[in-house]
Amino acid sequence: MLSAFRTPASLRGPLALSVLFAAAAAPAADAPAKSVEQFLSRYCLECHDADVHKGDRSFHAFKLPLKTLPDVIEARDIIDQLTLREMPPKKADQPSDEERLAAIRALREGTAKAQATLSSTGSRTVLRRLSNREYENTLETLFGRRVDTLGLTADFPKEKTARHLDTIGQSLVTSGFLVDQYFLAANRLVEARLGKPPTEPKTWRFNKNFVQYEELTGSHKAAFNFRYLNLYEQPNTDTRQGGYGHIEDFKQGVPVSGLYDLEVEAAAMHRDTHYDPAIFGIDLSEPFVLGVVPGDVTKGHIHYPQAIEPLLASSVVPDNTPARLKFRVWLEAGQTPRFIFPNGPYESRASVISINKRYPKEFSTPVGASLVGRSHILREGKLPHIRISEIVIQGPLAEPMGGAEEVAVFGRDGFRADRALDQLYAFATKAYRRPLQDSDRASIRKMYDRRIAEKAPPRQAALDAVKLILCSPSFLYLSEVTAESDRRLQPHDLATRLAYALWARSPDETLAASAAAGKLTGDAELKKQIDRMLADGRVDGFINGFLDSWLNLRDLGGMPPPRETNRAYYAEDLPTSMKTEARLFFREMLKEDRPVNQFLHADHTFVDKKLAKLYDLPEQKTLRLADGFRKVSVQGNKHRGGLLGMAAVLTVSANGVETSPVTRGAWISENILGVKPPPPPDVVPAIEPDVSGTTTIRQRLSKHSTDRACAECHRKIDPYGFSLEAFDPIGRTRTTYAKPKKGPAPKIDTAGEFASGETYQDFAGFRDILHAKRDEQFTRHLIRQFLAYGTGRLMEPADEFAIDRIYDKVKQQGLGLRGLVVECLTSEVFRSR
């Protein structure tokens, strides 16, 4: 089925010889060419001639004019090295500033003169499929309702990325297994949402037999004979004793997918406990919160986390006196509501053990040798928890016009057998994101007619045709109707690329109408649509997806720190707050068109109460959880302000257990400055950990820096990471490493020297150097990353000419983030195949 969507041979083969060996537009003047030749001979050939290839580079044949694309690549690399003063090496003879500037100027002129004739036919986007997140977003748009409750991509293969980007066509492989998963997902979605049988609303009431996790059974029976459903802890703990509360008599779940009303009688118990608050690891001054998530007894242990459990609703629970809390939630057929305590104590079992150890005399009965019993605490003590005494479920609720899915697929009049094909064609037009071709209509009509011939009811025949549409390459792939011979994208293709770049979902009616009218390819109309889309809330699809790609934030939490030394990371769900800070900061930068160098150094950030505490900001004393995130000043703060002071970046650039200047330095080099460090040679031994804790990572690194196989790269990478040793693996500031068993805690040395000679003493100094002297390099990398994210292909050397033009335009406008995004989206790179 997908064979028709293979990449054209012209995009798979090597670069055409006509490109690689095209002549330069005009010969370079003798003087610049001679100056470059003399510069290389005097300062470079000693290490990079025909006989000595240090760093696998030889410049003995390099000269102006530039005649091939590899020559341009080499010239740009030399320009970067000279600009950063990383070549010649510090210990070698150094050129004067005049010599250095003359060589850079001559090389830049040489690359500019090559622009007229050098281009890469490989600079085209490989036909790509939707990423998993784009797939779910698109289905949500097409069906008019959230689909995350179905977990359609839960069994899909893990997405492959290229340089952390999940939109690159070459990485988005479609395996036979994935094709099978697409069929299963389409069938499940269509049948659950559109094929469900008519079902009359029903009421279920539960106020007894609240059996919970096995270890709670004895205590709950003894204390109140399962009269209450108790939540004792947050849902992401190890021991799982009261993190999820299910309804024992409703494990079969709801009969059909639909909206259901829940009425829950609940009370927050003993928030005013006299027990030591440290036992629970939470802020007891904050009101307790009750959340609702779906559960499915066929998908795993009902008391444990499950793959499909998006938060459906939540509410603050009043103290002590039971109150009726009302929720309206969407549940899929077979799902049962489960209740969670998002801001609950860290681990219930550990809390009970501590209470039994420290307060045994408060109870009339012995606490027991195991210390894990809690019946006496429930009867006589003050263990903080949420107590649910009754749950009422009503549904499925009737919806206007048959529900959002019915309207989205068949229109406001619902399915009409006499108009079935027209309705299917209209839906396919939205799904395929372009006008239908005769072959599209023939395929849909064939499926519908075949099912009718097989005696299927007309509605079922239509639903099977909808499944066909959702399994079509025209839906799964960002297919192009632009002619192969055309360089610029046709309006519908441009609309699709723009929608997925800014919203990570299919075009809306306004954008599709602009494309259908043929207006979108005009500069003014394109700019108008971009401005409209940037102002729309759906731009969060871009913000979240791009940050996950550019900064690799999707890996945040992939290597979590040890629970015993980082309790707050789990108890307060810090990864969610960390990501939110980065997203809010980016959103404001985009909305207000702030200069992109504020990513490197800013005087403000966004924090909630949890991050304010992690950062030790004064706002930790005034913020409440209910306040959410607030913009706060960090002016004068030597550790916060800009991406590198954010816990999200500091956590994702560590390995969870310890920090390393190499790991964080390589992260900054690749993600902030756009220079991917080469992997270490196989002959280089790993840095052995010091289990005694008496030596620092810097001391251990010094041994590698004396190794000739390591020093060449480490002198460039390590200085980016030394100052970040001021932060632990989750972004807390520190001045010493962990105290060893013997002796004092080793002090942290945050000083360093760039390969180009600049020195710093601490993180603030390091940040200032990046802000002042690496801002252009950072901005150019940001442009490359956004273009790659938006076009679905990595930028190539031939694209540098266009990137130069974009940078110059953005610079004239003040280097604002919004301006950068707009210039990228209106560039030839984005508007071309």
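So, here's what we can say about the structure. Every value quoted in this text rests on a predicted model; they were computed, and no experiment measured them.

The rules behind these values
- Residues numbered from 1 in each chain as written.
- Predicted model: local features only at pLDDT ≥ 70, side-chain atom pairs only at ≥ 80, totals over all residues.
- Heavy atoms only, no water.
- Axes fitted to C-alpha atoms, helices over the stretch in contact; angles between N-to-C directions.
- Helix = DSSP H or I, 4+ residues; strand = E, 2+ residues; numbered from the N terminus.
- Parallel < 35°, antiparallel > 145°, perpendicular 65-115°, else oblique.
- Left-handed = near helix turned anticlockwise from the far one by under 90°.
- Contact = heavy atoms within 4.5 Å.
- Nonpolar A, V, L, I, M, F, W, Y, C, P; charged D, E, K, R; others polar.
- Expected span 1.5 Å × (residues − 1).
- Buried < 20%, exposed > 50% of the residue type's maximum accessible area, 1.4 Å probe, protein only.
- Polar contact = N/O pair within 3.5 Å; in protein donor to acceptor, adjacent residues only side chain to side chain.
- 1 Å grid on protein atoms, 1.4 Å probe; cavity = no way out; pocket = protein on both sides within 12 Å on 5 of 7 lines; lining within 4 Å.
- Points joined across faces, edges and corners; volume = space filled by probe spheres on them.
- Pairing = 2+ DSSP bridges.
- Phe/Tyr/Trp six-rings, centres within 6.5 Å; stacked < 30°, edge-to-face > 60°.
- Lys NZ or Arg CZ within 6 Å of the ring centre and 35° of its normal.
- Salt bridge = Lys/Arg side-chain N within 4 Å of Asp/Glu carboxyl O.

**A short note on the packing of helix α13 (residues 420-432) against helix α14 (residues 438-453)**
Where α13 contacts α14, the two axes come as close as 10 Å, and the packing angle between them is 130°. Classed by the angle they form, the pair α13 and α14 counts as oblique. Once α13 is placed against α14, the crossing between them reads as right-handed. Each of A420, L421, L424, Y425, A428 and Y432 in α13 lies in contact with α14, whose residues at this interface are D440, R441, I444, R445 and Y448. Each residue belonging to the contact of α13 with α14 can be placed in one class, and the counts come to eight nonpolar, no polar and three charged.

**Here we look at helix α17 (residues 491-502)**
Given 3.6 residues per helical turn, the α-helix brings residues three or four places apart onto the same face. With 12 residues, α17 should reach 16 Å at 1.5 Å per residue; the first-to-last C-alpha distance of 16 Å fits that figure. Burial of α17 is extensive: 12 of the 12 residues sit out of reach of the surface. Inspection of α17 places P491, H492, D493, L494, A495, T496, R497, L498, A499, Y500, A501 and L502 among the buried residues, and these make up the whole buried set. Its side-chain oxygen placed 2.8 Å from the backbone nitrogen of H492, Q490 serves as the N-cap of α17.

**Here's the deal with empty space enclosed by the protein**
As enumerated under the stated definition, the model contains seven cavities of 30 Å³ or more in all. Of the volumes computed, that of the largest cavity is approximately 190 Å³. The dominant element in the lining of the largest cavity, judged by the number of residues it contributes, is α17, at five residues. Considered class by class, the residues forming the lining of the largest cavity number seven nonpolar, six polar and five charged. Surrounding the second largest cavity, Y432, R433, R434, S474, Y477, L478, S479, H492, D493 and T496 form its lining. Among the elements that take part in the lining of the second largest cavity, α17 stands out by supplying three residues, more than any other. A breakdown of the residues in the lining of the second largest cavity according to their chemical character gives three nonpolar, four polar and three charged.

**Focus on the layout of surface pockets**
The computed volume of the second largest pocket comes to approximately 1200 Å³. For the second largest pocket, the lining is made up of 37 residues, of which R133, D548, R554, K579 and R583 are closest to its centre. Elements represented by at least two residues in the lining of the second largest pocket include exactly α7 (132-143), α20 (540-550) and α22 (574-592). Ranked by the residues each element gives to the lining of the second largest pocket, the list is headed by α20, at five residues. Of the residues assigned to the lining of the second largest pocket, the class counts are eight nonpolar, 15 polar and 14 charged.

**Some remarks on the environment of F801**
Structurally, F801 can be placed in helix α30 (residues 800-812). Classification of F801 by relative accessible area gives buried; the value is 6%.

**Quick look at unusual backbone geometry**
The omega angle of the peptide bond from L64 to P65 is 0°, so this bond is cis rather than trans. Within the secondary structure, P65 is located in the loop between α4 (45-48) and α5 (69-83). Positive phi values are uncommon outside glycine, yet F226 reaches one of about 60°. Residue placement: F226 occurs in the loop between α9 (214-224) and β2 (229-231). A positive phi is found at D593, a non-glycine position, where the angle reads about 55°. Looking at the secondary structure, you find D593 in the loop between α22 and β10 (604-607).

**Quick notes on the sheet that holds strand β8 (residues 336-340)**
Strand order in the open sheet formed by four strands is β3-β8-β5-β6, with antiparallel pairing between adjacent strands. Because the sheet does not close on itself, it has two edges, and the strands there are β3 (244-245) and β6 (313-316). Relative to β8, β3 is paired through two bridges, and the arrangement is antiparallel. Bridging from a neighbouring strand, G245 pairs with F339 of β8.

**Brief notes about the packing of aromatic side chains**
With the rule as written, the count across this model stands at 32 aromatic pairs. For the ring pair F754 and Y760, a centre distance of 5.9 Å and an interplane angle of 80° mean the geometry is edge-to-face. As far as the burial class goes, F754 and Y760 line up, both buried. Here the guanidinium or amino end of R374 rests over the ring plane of Y232, the centre of that ring lying 4.5 Å away.

**Describing the pattern of salt bridges**
As enumerated under the stated definition, the model contains 55 salt bridges in all. For the salt bridge of R76 with D804, the shortest nitrogen-to-oxygen distance reads 2.9 Å. Of this pair, R76 sits in helix α5 while D804 sits in helix α30; the two residues are 728 residues apart in sequence, bridging distant segments of the chain. Here the two residues R76 and D804 agree in accessibility, since each one is buried. Put simply, E800 and R784 hold a salt bridge, and the shortest N to O gap is 2.8 Å. Taken as a pair, E800 in helix α30 and R784 in helix α29 (residues 775-791) lie far apart in primary sequence, 16 residues in all. You can call E800 buried: its relative accessible area is 10%. Look at the salt bridges and you will find they share partners, linking E191, R450, R451, E454, D464 and K467 into a network.

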